[in-house]
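Below, each chain spelled out in residue letters.
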Amino acid sequence: MTDDAYLFLLDDASAQLGVSPAAVGELACMETPAVRAWLDAQGTTPTSPHLRLLPPEERAAVPEGAERLPVPLSEEELTLLRHRMVPEPLARVEQELLDYRDCADGRDGLIGKALAAGVAPHRIVELTGVDPATVTAAASR
């Protein structure tokens, strides 16, 4: 878990502050007794247009006097929240970066497997397009 994000209520649902929790997806914290009790005490629901969520680094943006509740988010949930916070053109580029990261996951393991199977380092470079230093580093592990 990370530092706490903040759920809060806005008086004006049209304000462009934070993100609706529903827009982030299914958040584990929304099912906790603490969040359910807080929502009940506020007389609101998880899908209310007045309910918003901000990541930990944006907590100073929560309006003074707004009803708020710190909530823990997983790293994945926090990444999704931050992704929803950026304007659409940036969101597309960030998604491309996330997709690339997912493609790169396991790269070193695959290189190690190829080396162990006897694939020549220069051939790994040709097939993957990775830097020769990356193959050399994987070979030394």
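What comes next is a walk through the structure. These numbers come from a predicted model, not from an experiment. (Residues numbered from 1 in each chain as written. Predicted model: local features only at pLDDT ≥ 70, side-chain atom pairs only at ≥ 80, totals over all residues. Heavy atoms only, no water.)

All told, the structure shown has 2 salt bridges when counted by the stated rule. Glu31 is the salt-bridge partner of Arg36, the closest N and O atoms lying 3.1 Å from each other. Accessibility expressed as a relative area gives 32% for Arg36, which makes it partly exposed. In this structure, Glu57 and Arg82 form a salt bridge, with 2.7 Å as the shortest nitrogen-oxygen distance. Highlighted residues: Glu57 in the loop between β2 (51-54) and β3 (68-71) and Arg82 in helix α3 (residues 75-85), separated in sequence by 25 residues. On the basis of relative accessibility, which here comes to 46%, the residue Glu57 falls in the partly exposed class. (Salt bridge = Lys/Arg side-chain N within 4 Å of Asp/Glu carboxyl O. Buried < 20%, exposed > 50% of the residue type's maximum accessible area, 1.4 Å probe, protein only. Helix = DSSP H or I, 4+ residues; strand = E, 2+ residues; numbered from the N terminus.)

What follows is about the environment of Val119. When you line up the elements, Val119 lands in the loop between α5 (107-117) and α6 (121-128). Sequence-distant contacts of Val119, defined by excluding residues within four places in its chain, comprise Ala114 and Ile124. (Contact = heavy atoms within 4.5 Å.)

Another aspect to go through is the nonpolar core. In terms of nonpolar packing, the biggest core is built from 18 residues, with Leu7, Met30, Leu53, Val71, Leu73 and Leu81 touching the most fellow members. Those elements that place two or more of their residues in this core are β1 (5-9), α2 (33-42), β2, β3 and α3. One finds Ile111, Ala114, Val130 and Val135 within the second-largest nonpolar core, a separate group that totals 7 residues. (Core = buried A, V, L, I, M, F, W, Y, C linked by side-chain atoms within 4.5 Å.)

Summarising the element assignment, Leu97 is placed in helix α4 (residues 88-104). Look at Leu97 and you get exposed, because its relative accessible area is 55%. Residues Leu97 and Ala28, spaced 69 residues apart in sequence, show a C-alpha to C-alpha distance of 25 Å.

Within the secondary structure layout, Arg52 lies in strand β2. In this structure the side chain of Arg52 is engaged in a polar contact, spanning 2.8 Å, whose partner is the backbone oxygen of Ala15. Beyond its immediate stretch of four places on either side in the chain, Arg52 contacts Tyr6, Leu7, Phe8, Leu10, Ala13, Ala15, Leu17, Gly18, Val19, Ser20 and Pro21. (Polar contact = N/O pair within 3.5 Å; in protein donor to acceptor, adjacent residues only side chain to side chain.)

Distances and angles like these do not, on their own, reveal function.
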